[in-house]
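Listed below are the residues making up each chain.
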Amino acid sequence: MNLIWFFKQLNKYIAPYRWLGILLIARGLFEAAFDSSIRISLKFIIDAAIIPQNYHLLILILLLLGAGAILFVFIGLLGDFWAARFNISVTNNIRSTLFVRLQNLSMEFFGRRSAGDIVNCFSADTEKVENSLLYGFILILELGSILFSAIFMFSLNWQLGLISCIGLTVCVLAPAKIGQKATEQNYQLRDKRGEIANVVQENILSQSVIKLFGLQPRSIKNFHDNLQDLKKVYVQATFSSYLVQRIPTLVFVFVQLIVISIGAVMTYRNMITVGTLASFQVLLVGLNLNILSFTFSLPYLIEGIAGMQRINILLAEIPQVEDAPDAVELSPFSREICFNNVNFSYSSERKGVSNLSLTIKKGDFVVFVGQSGAGKSTIVNLLTRLYDPDKGQIIFDSIDLRSCTQKSLRDQIGLVSQEVILFNTSIRENIRMGYLEATDEEVEIAAKNAEIHEFILTLPQGYDTPVGDRGGQLSGGQRQRIALARALVRNPAILILDEATSALDLVTEAGILATIDRLAKERTVIMITHRITQALRADKIFVLENGTIVASGNHTELLKKEGVYATLWQQMNGGNSNSTEIASV
């Protein structure tokens, strides 16, 4: 059942709260000892007090049991409070470790693992580990009771105690092999639940497309198919867990029958007293209850092991992009960025760029154009070090990007992408996300530069207006301008616009492009677009096709070359290649 591995992994998160855990174990052992003491006290009540008619001894025993019961209740309530604090502290430690690890993983990981599966790891898997903690202390309590009961049974009669312990050993060993299988099946069940969570999340985010194309019946059918797969895995995993719970109970029923039979015969022949038999049977019945509780807790432990395995897989992920041990801090951008024979592929099926060489000088307004899939956004991903090149170098003021810290690079870059991501908080805080130390005045200056300040002031709550989930309370153009303000509040040396206006209407796009024209005079601007008309503004245009640069120059120079750029221009302008006529567009 991988119990040793599980406890080793769990110990890493328990370590900061070790003393609290020790107190809980001590609480469990005390409760187990007192519970067993009540059971064996029956021998003394019968043999030493009731049969000899010793009333004073009877009262003394009962008073001692009463005092112990009061202490038992007090320690039990205090232990419950400690257990609540211990469980949430350890679980939050696991969640915190997961979240920190998630922040350090590269974009390659997020492209490979589904969001629903990751969320499921944070919620369901950690919940299973939390349950295993809760029932783990119950297991300790029951094991303590079993231990004390076994000691008392041997003290009453070693022959009956030996028979009981042999039966107990069989109860523990019998489900071992099934327990291993149950752990594997529960791991598969956790994976399947992660897939279900991802299907639901994808469906929710895609409702507009599903409704528009009438995909509801297909979505329902696919979901039902997934549920059937879940049902199959669930039945196998749950049945195996139940077997682990049931087998010890069935075995112990036969052990109990054997002990009762032998004990009755020994009492009949005066080999043991009535008090001994009664106390032994009470201990045996209590032991059976302990085993029932113990085996009831085992499935939760199995699920916790499966959850911890999935958590460990995520924690074992290695970032593809990491700072070198001797990484240097980049100085403010002052000269140029060079791509030297850069090659990169996302996977064997998905190519990025090939033999890419180019130079971007400080203060340039550079535009990358090309059809979808040409490799334009890959350049942004490489320049921001979301990915590292497979071959070649990217040089930032004579320093290879692999040799610098990611933070010192990204601190100099502001990015506005096609898919604007806003957080479900106020407009002010969304802008401040670009520079967390920005004052309210700096936030408003950034909003003015992005030409969204006047609109914000018309809102009832102004800058404190919530934007809603993913910015749903705002229009597309308003979201883009807030994203632009977020990029500007950090006063970046390099402003990157990755298809930032492609989803907007022409009027909104023209307004944002006018803002960008003004901003381009103050910093280096890199624009990624498939709209050739936006290239008119550029100092230099790079034309990409299948991950390589096929042409570069300004608008007029590229039209004269009559290559891919000129063809794209003519296609967008009905065959008119006159650059002078279109300059007014």
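Per an unreviewed UniProt entry, the protein carries the name ABC transporter family protein and comes from Lyngbya aestuarii BL J. Here is the UniProt Subcellular location (unreviewed entry) comment for the protein, exactly as written: "Cell membrane".

J.: Which parts of the structure should I look at to understand the sheet that holds strand β7 (residues 494-498)?
T.: Backbone-to-backbone hydrogen bonds join strands into a sheet, with any given pair of strands oriented parallel or antiparallel. Strand order in the open sheet made by the six strands is β6-β7-β8-β3-β9-β10, with mixed pairing throughout. Of all strands in the sheet, those with a lone pairing partner are β6 (413-417) and β10 (548-553), marking the two edges. Neighbour to neighbour, the strand axes of the sheet diverge by 15° on average, direction disregarded. Both β6 and β7 contribute to a ladder of five bridges, which runs parallel. Counted as the bridge partner of Val416 is Leu497 from β7. Strands in contact with helix α16 (residues 476-488) are β6 and β7; relative to β6, the strand with the most contacts, it is inclined by about 170°.

J.: Would you mind showing me how to read the pattern of salt bridges here?
T.: Between side chains of opposite charge, pairing is possible as soon as their charged atoms come close. The final tally for this structure, using the stated rule, is 21 salt bridges. The salt bridge involving Asp225 is made with Lys221; its shortest N-O contact spans 3.2 Å. Here the residue Asp225 and the residue Lys221 both occupy positions in helix α9 (residues 216-268), the gap between them amounting to four residues, near one helical turn. By relative accessible area, which is 52% here, Lys221 ends up exposed. Between Arg432 and Glu429 there is a salt bridge, and its shortest N-O distance comes to 2.6 Å. With a gap of three residues between them, Arg432 and Glu429 both fall in helix α13 (residues 427-432), about one helical turn apart. For Arg432, a relative accessible area of 12% gives the class buried.

J.: Explain helix α11 (residues 376-383) here, please?
T.: Residue pairs three or four apart in sequence face the same way in an α-helix, which turns once every 3.6 residues. Buried residues dominate α11, accounting for seven of its eight residues. Within α11, the full set of buried residues consists of Lys376, Thr378, Ile379, Val380, Asn381, Leu382 and Leu383. At the exit of α11 stands Arg385, carrying a positive phi of roughly 60°.

J.: I'm lost on the packing of aromatic side chains in this one. Help?
T.: Aromatic ring pairs are reported here in terms of the distance separating the ring centres and the angle at which the planes meet. Within this structure, the stated rule accounts for 11 aromatic pairs. Relative to Phe137, the ring of Phe86 has its centre 5.3 Å away and its plane inclined at 75°; by these criteria the two rings are edge-to-face. Taken together, the positions of Phe86 in helix α3 (residues 55-104) and Phe137 in helix α5 (residues 115-156) put the pair 51 residues apart, joining distant regions of the chain. Of the two residues, Phe86 and Phe137, both sit in the buried class. Here a set of aromatic residues connected by ring pairs shows up, and it is made of Phe344, Tyr346 and Tyr387.

J.: How do you make sense of the environment of Phe252 when you look at a structure like this?
T.: Its place among the elements puts Phe252 in helix α9. Since its relative accessible area comes to 0%, Phe252 is described here as buried. Taking C-alpha positions, Phe252 is 70 Å from Arg490, a pair spaced 238 residues apart along the chain. Ignoring sequence-local partners within four residues, the contact set of Phe252 consists of Cys171, Leu284, Leu287, Asn288 and Ile291.

J.: What is the right way to read the domain arrangement of the protein from this model?
T.: A common measure of how large an interface is: the accessible area buried when the components associate. Splitting the protein by domain gives domain 1 (10-157 + 299-318), domain 2 (158-271) and domain 3 (336-575). One C-alpha centre belongs to domain 1, the other to domain 3; they are set 54 Å apart.

J.: Would you take a moment to explain the sheet that holds strand β4 (residues 391-396) for this structure?
T.: Read from one edge of the open sheet, four strands run β2-β1-β4-β5, paired in antiparallel fashion. Since the sheet does not close on itself, it has two edges, and those belong to β2 (351-361) and β5 (399-400), each with one partner. Bridging between strand β1 (residues 336-345) and β2 involves seven bridges; their strand directions are antiparallel. Bridge assignment links Ser345 to a residue of β2, and that residue is Lys351.

J.: Explain the environment of Tyr17 to me, please; I cannot follow it from the model alone.
T.: Along the chain, Tyr17 turns up in the loop between α1 (3-14) and α2 (18-50). Put simply, Tyr17 and Phe86 are 69 residues apart on the chain and 7.0 Å apart in space, counted from C-alpha to C-alpha. Discounting chain neighbours no more than four positions away, the residues touching Tyr17 are Phe86, Ser89, Val90 and Asn93.

J.: Quick question: what am I supposed to make of the packing of α3 against helix α10 (residues 274-315) here?
T.: Angle between the axes and distance between the axes: these two values describe a pair of packed helices. As a packed pair, α3 and α10 sit with axes 10 Å apart at the nearest point and diverge in direction by 30°. Viewed along their axes, α3 and α10 adopt a mutual orientation that is roughly parallel. Crossing hand, α3 versus α10: left-handed. Judged by residue contacts, Ile94, Thr97, Leu98, Arg101 and Leu102 of α3 engage Met308, Ile311, Leu314 and Leu315 from α10. Class assignment of the residues belonging to the contact of α3 with α10 gives a composition of seven nonpolar, one polar and one charged.

Procedures and definitions
- Residues numbered from 1 in each chain as written.
- Predicted model: local features only at pLDDT ≥ 70, side-chain atom pairs only at ≥ 80, totals over all residues.
- Heavy atoms only, no water.
- UniProt positions renumbered as here; feature names shortened; annotations may be inferred.
- Pairing = 2+ DSSP bridges.
- Helix = DSSP H or I, 4+ residues; strand = E, 2+ residues; numbered from the N terminus.
- Axes fitted to C-alpha atoms, helices over the stretch in contact; angles between N-to-C directions.
- Contact = heavy atoms within 4.5 Å.
- Salt bridge = Lys/Arg side-chain N within 4 Å of Asp/Glu carboxyl O.
- Buried < 20%, exposed > 50% of the residue type's maximum accessible area, 1.4 Å probe, protein only.
- Phe/Tyr/Trp six-rings, centres within 6.5 Å; stacked < 30°, edge-to-face > 60°.
- Domains from an automatic or database assignment.
- Parallel < 35°, antiparallel > 145°, perpendicular 65-115°, else oblique.
- Left-handed = near helix turned anticlockwise from the far one by under 90°.
- Nonpolar A, V, L, I, M, F, W, Y, C, P; charged D, E, K, R; others polar.

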